[in-house]
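Structure at a glance
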Amino acid sequence: MRHLKMLPGKAAPVEHPLWFGRVSILTSERDGVFYPLAAPEAYVKQGMPVGYVTDYFGNRVWDAVAPISGVILYIGAVPSMKKGDTIAHIGEVGEPPM
């Protein structure tokens with residue numbers, strides 16, 4: 001907000017910014033209740049579990065795994081899940097633009 005002159009003072013630059021080459025969206029393959037195993041800003045490797053879905057009786061029916069290695073930018077916090085709903089956005093760490 002300081003950069004936009006909405007607050008007084010000088011805007012401090014980000015010390016170690018991350019650049020993302022692409023963002024992959026993980027969607028649910030099943031209806032049910034979603035339980036996250038990772039938090040936003042967590043680093044994940046491809047194939048690592050980020051959460052799971054249970055049926056309405058508590059039986060685990062699907063494991064949500066990271067499609068790429070990167071940083072979790074968003075992960076669902078609402079337990080209700082339908083097939084096709086967004087579970088997470090994962091950003092692949094890239095190089096700064098030249």
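Use the structure listed above.
Throughout what follows, the structure given in this document is the object of discussion. (Residues numbered from 1 in each chain as written. Predicted model: local features only at pLDDT ≥ 70, side-chain atom pairs only at ≥ 80, totals over all residues. Heavy atoms only, no water.)

**Let's talk about the nonpolar core**
- Ranked by size, the top nonpolar core spans 16 residues in total, and within it L26, V50, I72 and I87 carry the most contacts.
- Every element with two or more residues in this core is listed here: β4 (49-54), β5 (60-65), β6 (70-75) and β8 (86-93).
- Residue contributions to this core peak at three residues, all from β8.
- With residues up to four places along the chain from it excluded, the contact list for V50 reads L26, F34, P36, L37, A38, V44, A64, V65, A66, I72 and I75. (Core = buried A, V, L, I, M, F, W, Y, C linked by side-chain atoms within 4.5 Å. Buried < 20%, exposed > 50% of the residue type's maximum accessible area, 1.4 Å probe, protein only. Helix = DSSP H or I, 4+ residues; strand = E, 2+ residues; numbered from the N terminus. Contact = heavy atoms within 4.5 Å.)

**Observations regarding the sheet that holds β6**
- Spatial ordering of the open sheet is given by β1-β8-β6-β3, a layout of four strands whose pairing is antiparallel. Looking at which strands have only one partner, the edges of the open sheet turn out to be β1 (20-27) and β3 (43-44).
- With two bridges joining them, β3 and β6 adopt antiparallel strand pairing. Bridge pairing in β6 links V44 to G70. (Pairing = 2+ DSSP bridges.)

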